[in-house]
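# Structure assessment
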Amino acid sequence: MTEQVFAVVPAAGIGSRMQADRPKQYLYLDDATILEHTVKRLLQFTPFQKIVLPLAEHDEYFSQLNLHHERLLTCDGGAERYHSVLNGIDCLLQHGAQVTDWVMVHDVARPCITQQDLRALWSARDEQGCILGMQVRDTMKRTDNNNQIVNTVEREQLWHALTPQLAQIGVLKQSIETCIKNGHVITDEASALEYVGLHPKMVSGHPSNIKVTRPDDLIMAQLFVQEFK
Ligand code: C5P
C-alpha cells in the first residue's frame, strides 16, 4: 500500500510580536492573506490527502475568507502550539488517517514554502522523523544579561529549525502527549521526538522559508512570495 501523508497547519496563534490589529496570519501579502498563501502552496503539493487548520476559538477572520477545498479541514486550536497540533492530529485520525501514516506540521506564518522543499522533506521521511532546517551562516555569540559577549559558539552542525516537520502520526502524537504529561515545554515537533529519545533528520531547506514574526518580516515575505509564485 502506498504511504499517505497529511498536513497540520497550526493557525491558532495571535502573533502578538507583530503588533497588528489582527492575528498575523490574516495580514495581507499582495492580494491574499498569509494564511491563504500558505494553504495555496500546501494544496499544490498533491501527496497531501488532507490539510487541517486548527483555529483559535474566537477566530472571526477565517470564515470571511471563504476558503473551501475538499482536502481542507478546520478544527479547534489549543492554548499552546502543541495543543493545536494535537487537536489537528486527532481531527485527521477522525477523517481517515491511520497512526502509521505521516504528518507534516507547518506553521501558518511561513507562506513562502516551496514545492521543492516539500518534495525534499517527503523523500527524506524517516522513522525518527525529519525537519526542514537551515545551516547557521553567521558567527554565533552567547551573551550575558547585559548583552556582553561571553563566548563564540561553534557554528559547525548548528541549524535553524524550520517547518514543515515530518513524522509518523502515532509517534508524534505519543511524543507530544508524553511531553505534556511530564510538563516538558516544547516549541516544535522535533523537540517532542527528541524528548522521547528519537533523532530526527535535518533536511536543508530554502532560505526563503521565513516565519513572519515581526513587522519587518512582511517586506521579506512579500518579496519571496512574488519570486516563487
Ligand atoms: O507565534 P509563533 O509564530 O511562534 O507560532 C507558531 C505557529 O503556531 C503559528 O502558525 C501559530 O498560529 C501557531 N499557534 C497555534 N496555537 C497556539 C499558538 C500558536 O496554532 N496556541
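Up top is the structure these notes are about.
Residues numbered from 1 in each chain as written. Predicted model: local features only at pLDDT ≥ 70, side-chain atom pairs only at ≥ 80, totals over all residues. Heavy atoms only, no water.

With that settled, consider the environment of Lys201. Its location among the elements puts Lys201 in strand β11 (residues 201-204). Residues Lys201 and Gln128, 73 residues apart in the sequence, show an inter-C-alpha distance of 7.2 Å. (Helix = DSSP H or I, 4+ residues; strand = E, 2+ residues; numbered from the N terminus.)

On to the site of the ligand, then. In the vicinity of the ligand there are 15 residues, among which Pro10, Lys24, Gly78, Ser84 and Lys211 approach most closely. Interatomic distance of 3.0 Å between a backbone N/O atom of Gly13 and an oxygen atom of the ligand. For the ligand, a nitrogen atom lies 2.8 Å from a polar atom in the backbone of Gly78. For the shell around the ligand, a count of residues per class yields six nonpolar, three polar and six charged. (Near = heavy atom within 4 Å. Polar contact = N/O pair within 3.5 Å; in protein donor to acceptor, adjacent residues only side chain to side chain. Nonpolar A, V, L, I, M, F, W, Y, C, P; charged D, E, K, R; others polar.)

All right, on to the packing of aromatic side chains then. Any aromatic ring pair is given by two values, namely how distant the centres are and how the planes are angled relative to each other. This model, assessed by the stated rule, comprises three aromatic pairs. Ring centres of Trp102 and Trp122 lie 6.4 Å apart, and the angle between their planes is 80°; on these two criteria the pair is classed as edge-to-face. In this pair, Trp102 is assigned in strand β6 (residues 102-105) and Trp122 in helix α4 (residues 115-123), connecting sequence segments 20 residues apart. Take Trp102 and Trp122: they sit in the same class, and that class is buried. (Phe/Tyr/Trp six-rings, centres within 6.5 Å; stacked < 30°, edge-to-face > 60°. Buried < 20%, exposed > 50% of the residue type's maximum accessible area, 1.4 Å probe, protein only.)

This part is about the nonpolar core. With 33 residues, the main nonpolar core has Leu35, Phe48, Ile51, Leu53, Phe62, Met104 and Leu166 as its most contacted residues. Look past the residues within four positions of Leu53 in its chain and what remains in contact with it is Val9, Ala11, Leu35, Val39, Phe62, Leu72, Leu73, Thr74 and Cys75. Leu73, Ile89, Ala192 and Leu193 belong to the second-largest nonpolar core, a separate cluster that totals 23 residues. (Core = buried A, V, L, I, M, F, W, Y, C linked by side-chain atoms within 4.5 Å. Contact = heavy atoms within 4.5 Å.)

All quantities given are derived from atomic positions and should not be read as evidence of function.
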